[in-house]
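# Structural characterization, general
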Amino acid sequence: MAGRLPRRILKETERLLNEPVPGIKALPDEQNARYFHVEVNGPKDSPFEGGCFKLELFLPEDYPMAAPKVRFVTRIYHPNIDKLGRICLDILKDKWSPALQIRTVLLSIQALLSAPNPDDPLANDVAELWKSDEVRAIETAKTWTRLYAFSEGVKS
Amino acid sequence: MESDEEGIYDVESDASINYNSSDDGIYSEGENTAHGEANDFMDEPTSYKCLTSDQIFNYMMKVVDEVNAILQLPPHITCILLNHFKWDKEKLMERYYEGDQDKIFEEAQTINPFRLKGKVVSSNTNNITSFSMQSTKRPLTTQEVCDICYLPSQHMNGLQCGHFFCIDCWNEYLRIKIIDEGQGQKIACPANDCNILTDYETILSLLRGSDIKTKYHQRLTDGFVMSHHLMKWCPSPGCSVVVKVTTAGTRNVTCICGHAFCFHCLQPIHEPVRCPLLKKWLRKCNDDSETAHWISANTKECPKCRATIEKNGGCNHMICQNKSCKFDFCWICLSAWSPHGSSWYNCNRYDANDSVAARTAQEKSRAALNRYLFYCDRYMNHRQSLELEHKLYSKIKFKMEEMQQHNMSWIEVQFLKKAVDILCKCRNTLKYTYVFAFYLRSNNQATIFEANQKDLEMATERLSEYLERDVTTDELSNIKQKVQDKAKYCEGRCEALLRHVYEGYDMDLWEYLDE
């Protein structure tokens, strides 16, 4: 598979390395150029601020016709991310367009951290608390961030 | 034979479109009125047509043209609009002429070609064909980089929303949408956040390969066929033929692929039982036919909560494991266990009063089960026989060749094939008479029905025997007479049975059990 990497993936990788997005680091795996180790910094003024969240991103055979597969590796308390790290985000599902890129996907994920959407939940228990007692939910999210995501962050 | 309409069609009839005027139109010369051996199954061979995907596409385009005679839009735009309104011409016209046209185009996810005209004229004067929505090609001089594959291409194409991609990426994108996702009318521009729908003209001009084009034709007409209550796709796997009936009352149809089915419920032909009862029956069969046998042989019910219990040890003191029940009872007499350990023990005495109630309740449920199993067995049995009879065709063919070598002409030996046709038809009818009978409450008419069923069943078994066994042993002239007579008789009995059932439907003679 590593033999015939489409130009599109090469180009995207090149750009990700040369012009990284602030607060996001994406490195291709040494063994598999379709597999990326991603780190996203918790956005400012969000309960995830100060945290550095590890994700994995995989470009399937059909990419870019099919969406990349992305998953949080670091635990996170968020209504749209479940305990396995799966993400509920429209552009990763039915709203995927082949004109989107790894870069835009990661930016959308970062934006999702700033703006959780408890009305379209993946983790039901989290979403319920988020709706019923937002203060406590945010407090929990901060605690989890400190617990699981406080290590050496991405230099932005 | 049948004049009633199923309830389902009444729901759709308000949205129905009158296509009758177009019946004599372009597609009728190519119509395939099915002629097959299964003709006996059908209402009348002329009451329906089979349309291939090309014919259905042409038919759809004819409807588009009719609307276009008034709307005066490019056909591919009208097609998108019509699809948005579920092919309800009147609704489209009404909305189009009463209100905000721009809004209609927006809702239907396309671009108003009248708006576009001005824009195109001003920007690109040498390349206008009156508001063509069709894939706008950029001038060949500029090489652009495609946003999907990041490769420069001279063949950039796009819809009027202005998002351009190279022809390879378009093909790849469309392949996934059409083949993998099965989409047709609802394929949007590949650009992010752009919901403008592709039109068939653009797609057909972009697509390479005839396979995918055929597939696209099919998917494109999906919405059209589904919204039309007189058309249905043949349910046979891999078949892409649409069956179009002339009246909603038509039930039994045979597609040109040979698949015979009920136009109403898409199940294989199921005379004499009606679709709703058949559906109920099939659900019941799926639920419990296999397990029912086992349950009936190995379990009893808790006399209190009716939970099904399997005895897994020798002790007859049962404690129901249903958490909300926990009833202690005796496996033998099915009454409460408490007297068993004391001097009140009377399990050995027949007809102990308290066990009677429990027993009757259980017997009742057993009787219901036995009744079901009785009908189910016979239904399954005829089903299996029917499958086996299909093997007869090859055997009979061999026999027919042999007979032709013994001074019989081709036409003279056709009786054998016809007899197998009749046999299969009778088997199929018999199979469904048991479904019908299962739900039937007994009355005089039901008794007549059962007598008819008996006659038909006996005659069918004889015919089956002749065709399977005697045909190889008896003398040729003798067997011909026997088979022909019996087949004729079977056919007559089958018709009589069906006629009786349908008369019963018409005159409301059938009463049903609430199973």
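All of these numbers come straight from a predicted model, not from anything done at the bench. (Residues numbered from 1 in each chain as written. Chains lettered and ligands numbered in written order. Predicted model: local features only at pLDDT ≥ 70, side-chain atom pairs only at ≥ 80, totals over all residues. Heavy atoms only, no water.)

## Considerations on the packing of helix α13 (residues 444-473) of chain B against helix α14 (residues 476-507) of chain B
Residues and elements named next belong to chain B. Two elements in contact, α13 and α14, have axes whose closest approach is 9 Å; the angle formed by their N-to-C orientations is 155 degrees. In terms of axis orientation, α13 runs roughly antiparallel to α14. The handedness of the crossing between α13 and α14 is left-handed. Counted by class, the contact of α13 with α14 contains 17 nonpolar, 5 polar and 6 charged residues. (Axes fitted to C-alpha atoms, helices over the stretch in contact; angles between N-to-C directions. Helix = DSSP H or I, 4+ residues; strand = E, 2+ residues; numbered from the N terminus. Parallel < 35°, antiparallel > 145°, perpendicular 65-115°, else oblique. Left-handed = near helix turned anticlockwise from the far one by under 90°. Nonpolar A, V, L, I, M, F, W, Y, C, P; charged D, E, K, R; others polar.)

## Some points on the pairing of strand β1 (residues 48-51) of chain B
Residue and element names in this part refer to chain B. Here β1 shows two buried faces, one formed by Tyr48 and Cys50 and the other by Lys49 and Leu51. Here β1 pairs with strand β8 (residues 242-245) via 4 bridges, running antiparallel. Each residue of the ladder has a partner; that of Cys50, found in β8, is Val243. (Buried < 20%, exposed > 50% of the residue type's maximum accessible area, 1.4 Å probe, protein only. Pairing = 2+ DSSP bridges.)

## Focus on the packing of helix α3 (residues 124-132) of chain A against helix α4 (residues 134-149) of chain A
All names here are of chain A. Close contact between α3 and α4 brings their axes to 5 Å; oriented N to C, the two are set at 130 degrees. By the angle class used here, α3 and α4 are oblique. Contacts between α3 and α4 involve Leu129, Trp130 and Ser132 on the former and, on the latter, Glu134, Arg136, Ala137, Ile138, Thr140 and Ala141. (Contact = heavy atoms within 4.5 Å.)

## Brief notes about the sheet that holds strand β7 (residues 231-233) of chain B
All names here are of chain B. Overall, antiparallel pairing links the 3 strands, which are arranged β1-β8-β7 in an open sheet. Here the strands that pair on one side only, and so sit at the sheet edges, are β1 and β7. Along the sheet, successive strands turn relative to each other by an average axial angle of 25 degrees, direction set aside. Against the sheet, helix α2 (residues 53-71) touches β1, β7 and β8, its axis set at about 105 degrees to β1. In the packing of helix α9 (residues 210-227) onto the sheet, contacts are made with β7 and β8, and the angle to β7 comes to roughly 140 degrees.

## Some thoughts on the UniProt feature "active site" (unreviewed entry) in chain A
All names here are of chain A. Within the UniProt annotation, "active site" (unreviewed entry) is assigned to Cys88. Take Cys88: it is sitting in the loop between β4 (69-72) and α2 (102-114). Residue classification places Cys88 among the buried positions, given a relative accessible area of 18%. Residues contacting Cys88, with those up to four places away along its chain left out, are Asn80, Lys93, Leu112, Asp120 and Leu122. (UniProt positions renumbered as here; feature names shortened; annotations may be inferred.)

## With respect to the side chain of Asn452 of chain B
Summarising the element assignment, Asn452 of chain B is placed in helix α13. On the accessibility criterion, Asn452 of chain B (10% relative accessible area) is buried.

## Some thoughts on unusual backbone geometry
The linkage connecting Tyr63 of chain A with the following residue, Pro64 of chain A, adopts the cis geometry, with an omega of 10 degrees. By the secondary structure assignment, Pro64 of chain A is in the loop between β3 (52-58) and β4. Along the chain, Glu271 of chain B connects to Pro272 of chain B via a cis peptide bond; the corresponding omega equals 0 degrees. Along the chain, Pro272 of chain B turns up in the loop between β10 (260-262) and α10 (275-298). The phi dihedral of Gln109 of chain B is positive, around 60 degrees, even though this residue is not glycine. Tracing the chain through its elements places Gln109 of chain B in the loop between α5 (101-107) and α6 (113-123).

## Details of the pattern of salt bridges
Across all of its chains, the model carries 20 salt bridges over all chains by this definition. A salt bridge links Arg71 of chain A to Glu56 of chain A, with the shortest nitrogen-to-oxygen separation between them at 2.8 Å. You can see Arg71 of chain A sitting in strand β4 and its partner Glu56 of chain A sitting in strand β3, a full 15 residues away along the chain. The exposure class assigned to Arg71 of chain A is partly exposed, which follows from its relative accessible area of 32%. Taking the relative accessible area as the measure of exposure, Glu56 of chain A reaches 22% and is therefore partly exposed. Between Lys177 of chain B and Glu181 of chain B there is a salt bridge, with its nearest N and O atoms 3.2 Å apart. With relative accessibility at 42%, the residue Glu181 of chain B sits in the partly exposed group. Salt bridges linked by common partners bring Lys62, Glu66 and Lys89 of chain B together as one network. (Salt bridge = Lys/Arg side-chain N within 4 Å of Asp/Glu carboxyl O.)

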